[in-house]
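# Structural overview for review
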Amino acid sequence: MKTPELPPFNHRPITYTGPSADEVLRLRKQFLNPGIFLYYKKPMMLVEGKGQYVFDEKGRRYLDALGGIVTVSVGHCHPHVLEAVIKQNETLQHSTTIYLHPNIALYAEKLAGKMPGDLKVCYFVNSGSEANDLAVMMARLYTGNFDMIALRNCYHGGNMSAMGLTSHSTWKFNTPHSFGVHHAVAADPYRGAWPASDPEAGKNYAADVKSVIDYATPGQVAGFIAESIQGVGGVIVFPMAISSTHTNMSVSPAG
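So, a few notes on the structure that sits alongside this text. (Residues numbered from 1 in each chain as written. Predicted model: local features only at pLDDT ≥ 70, side-chain atom pairs only at ≥ 80, totals over all residues. Heavy atoms only, no water.)

## A closer look at the sheet that holds strand β2 (residues 53-56)
Strand pairing in a sheet takes place through backbone hydrogen bonds and is either antiparallel or parallel in direction. Taken in spatial order, the three strands of this open sheet run β1-β2-β3, and their pairing is antiparallel. Strands with a single pairing partner mark the edges of an open sheet, and in this sheet they are β1 (46-50) and β3 (61-63). Averaged over all neighbouring strand pairs, the angle between strand axes comes to 30 degrees, with direction disregarded. Here β2 pairs with β3 via three bridges, running antiparallel. Bridging across to β3, valine 54 finds its partner in tyrosine 62. (Pairing = 2+ DSSP bridges. Helix = DSSP H or I, 4+ residues; strand = E, 2+ residues; numbered from the N terminus. Axes fitted to C-alpha atoms, helices over the stretch in contact; angles between N-to-C directions.)

Encoded structure:
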């Protein structure tokens, strides 16, 4: 079977002059923590990106189907993004939030304008793990309750509290965590107890959440957290019926 060829692309990658992939792999193993793991015995090394493509150290081009987990959803090195970054770096690279700077306020206003209902206040953090840690703390402080409900098969991050929310043995270290976190059955339409074709699937999965609240908590919980689509768990899309189920639950983005 012939390997598909990429269409022509008007970009010549810069000649790479840095250390080899083998040397980078050796340095990484020696100086980076093992928690930053690799999926491949001999991983490719990416040194440049342009639009929808990335290039390795030998100038070979690949179609980027990951997009940095949506962090570069407008493509690599987009000229508008580069222009804004360069302009800001030439003006002021950093300003602490204890002083005023217009950009953070203007960005918060623009972002809040796209949010529904009363979601009009922004709290900027560094990662999804940190966002989920903050969400749990805020939920506990606001409600005065401690217990959290999460779903099996979920992933919410790698810090202590987010690891406690996570329900994957491959993403949890053998250290105490998960205090006050209870995991209900995930509404998996492929391998779950009730398939997507079951019109009662949503109600049955919601009933399991209620059962966890009734029997594993004091009956009062701080919050419920779930990915809108389970990512690490296999890109699990919840059955449509669950959207019509009347339950008092709030949903958090994936960590």
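There's more to say after this.
## A word on the layout of surface pockets
Empty space left among the atoms is revealed by rolling a probe the size of a water molecule over them. Taken as a whole, the largest pocket spans an internal volume of roughly 1900 Å³. When residues of the lining of the largest pocket are traced back to their parent elements, those giving at least two are α1 (21-31), β1, β3, α2 (67-70) and α5 (128-143). Sort the elements by how many residues they give to the lining of the largest pocket and α1 lands first, with five residues. A class-by-class count of the residues in the lining of the largest pocket yields 27 nonpolar, 12 polar and seven charged. (1 Å grid on protein atoms, 1.4 Å probe; cavity = no way out; pocket = protein on both sides within 12 Å on 5 of 7 lines; lining within 4 Å. Points joined across faces, edges and corners; volume = space filled by probe spheres on them. Nonpolar A, V, L, I, M, F, W, Y, C, P; charged D, E, K, R; others polar.)

## Remarks on the pairing of strand β5 (residues 181-184)
Along any regular strand, the residues point their side chains to alternate faces of the sheet. In terms of strand pairing, strand β4 (residues 148-151) meets β5 through four bridges, oriented parallel. Of the residues in β5, the one forming a bridge with methionine 148 is valine 181. Taken together, β4, helix α6 (residues 160-165) and β5 constitute a β-α-β crossover, and its handedness is right-handed. (Right-handed = clockwise from strand over helix to strand, strands pointing away.)

## So, the packing of aromatic side chains
With the rule as written, the count across this model stands at six aromatic pairs. Here a set of aromatic residues connected by ring pairs shows up, and it is made of Phe37, Tyr39, Tyr155 and Trp171. Across from the ring centre of tyrosine 53, 4.6 Å away, lies the NZ or CZ of arginine 61, which sits over that ring. The ring of phenylalanine 146 carries arginine 140 above its face, with NZ or CZ at 3.8 Å from the centroid. (Phe/Tyr/Trp six-rings, centres within 6.5 Å; stacked < 30°, edge-to-face > 60°. Lys NZ or Arg CZ within 6 Å of the ring centre and 35° of its normal.)

## Structural notes on the sheet that holds β5
Across the sheet, which stays open at both edges, the three strands sit in the order β5-β4-β6 with parallel pairing between neighbours. Edge strands, defined here as strands with exactly one partner in the open sheet, are β5 and β6 (223-224). As paired strands, β4 and β6 are joined by two bridges and run parallel to one another. Along β6, the bridge assignment pairs methionine 148 with glycine 223. Sitting on the sheet, helix α7 (residues 201-216) is in contact with β4, β5 and β6, with an inclination near 145 degrees to β5. (Contact = heavy atoms within 4.5 Å.)

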